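So the chains spell out like this:
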Amino acid sequence: MAIIVAIVLGLALRLPLLPEKPIRFSWTTSALFPTPVFAIGILAIFYSLNIFWIYDGLVLAVLVGAFSAIFVKYLFDYIFPNPQGGSE
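Thresholds, definitions, all that
- Residues numbered from 1 in each chain as written.
- Predicted model: local features only at pLDDT ≥ 70, side-chain atom pairs only at ≥ 80, totals over all residues.
- Heavy atoms only, no water.
- Helix = DSSP H or I, 4+ residues; strand = E, 2+ residues; numbered from the N terminus.
- Buried < 20%, exposed > 50% of the residue type's maximum accessible area, 1.4 Å probe, protein only.
- Phe/Tyr/Trp six-rings, centres within 6.5 Å; stacked < 30°, edge-to-face > 60°.
- Core = buried A, V, L, I, M, F, W, Y, C linked by side-chain atoms within 4.5 Å.
- Axes fitted to C-alpha atoms, helices over the stretch in contact; angles between N-to-C directions.
- Left-handed = near helix turned anticlockwise from the far one by under 90°.
- Contact = heavy atoms within 4.5 Å.
- Nonpolar A, V, L, I, M, F, W, Y, C, P; charged D, E, K, R; others polar.

Asks: Let's hear about the overall build of the protein chain: which residues, and what values?
Replies: Each helix and strand counted, the protein chain has 4 helices and 0 strands in total. Along the protein chain, from the amino end to the carboxyl end, the secondary structure elements read α-α-α-α. Seen along its three principal axes, the alpha-carbon backbone of the protein chain occupies a region of about 50 × 25 × 20 Å. With 88 residues in all, the protein chain has 30% of them scored as buried.

Asks: Describe the packing of aromatic side chains, naming the residues involved and giving the relevant values.
Replies: Using the criterion set out here, one finds 7 aromatic pairs in the structure. Counting every residue linked through ring pairs, the aromatic cluster contains F38, F67, F71, F76 and F80.

Asks: Which residues make up the nonpolar core, and what are the values?
Replies: Core analysis: the biggest nonpolar cluster contains 7 residues, these being A2, A6, A39, L43, L60, A61 and V64. The element contributing the most residues to this core is helix α3 (residues 58-74), with 3 residues.

Asks: I'd like a description of the packing of helix α1 (residues 2-12) against α3, backed by residues and values.
Replies: For the pair α1 and α3, the least separation of the axes is 7 Å and the interaxial angle reads 35°. Of the two elements, α1 crosses α3, and the hand of that crossing is right-handed. Residues A2, V5, A6, L9 and G10 of α1 touch α3, and the partners they reach there are A61, V62, G65, A66, S68, A69 and I70. Along the lines of polarity and charge, the residues of the contact of α1 with α3 split into 9 nonpolar, 3 polar and no charged.

Right, dumping it as structure tokens:
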């Protein structure tokens, strides 16, 4: 559920579905990467701490998915800046 919410909200926030080409060397964020990766990682941390909240973690999964999409859209580039230089 967290992955679905993260992807749908990422698309609603106008994140591209896929990074720009070539995908292998792209540093742009998209709805498919890293948004659901953050969502499932944060949800796994909550589950490992036995924090399920109500409805067996369904509400928590929706909140984590929404948070991860908003994080990737607005804060990802400030916390994880693009590498400077590199091989071209």
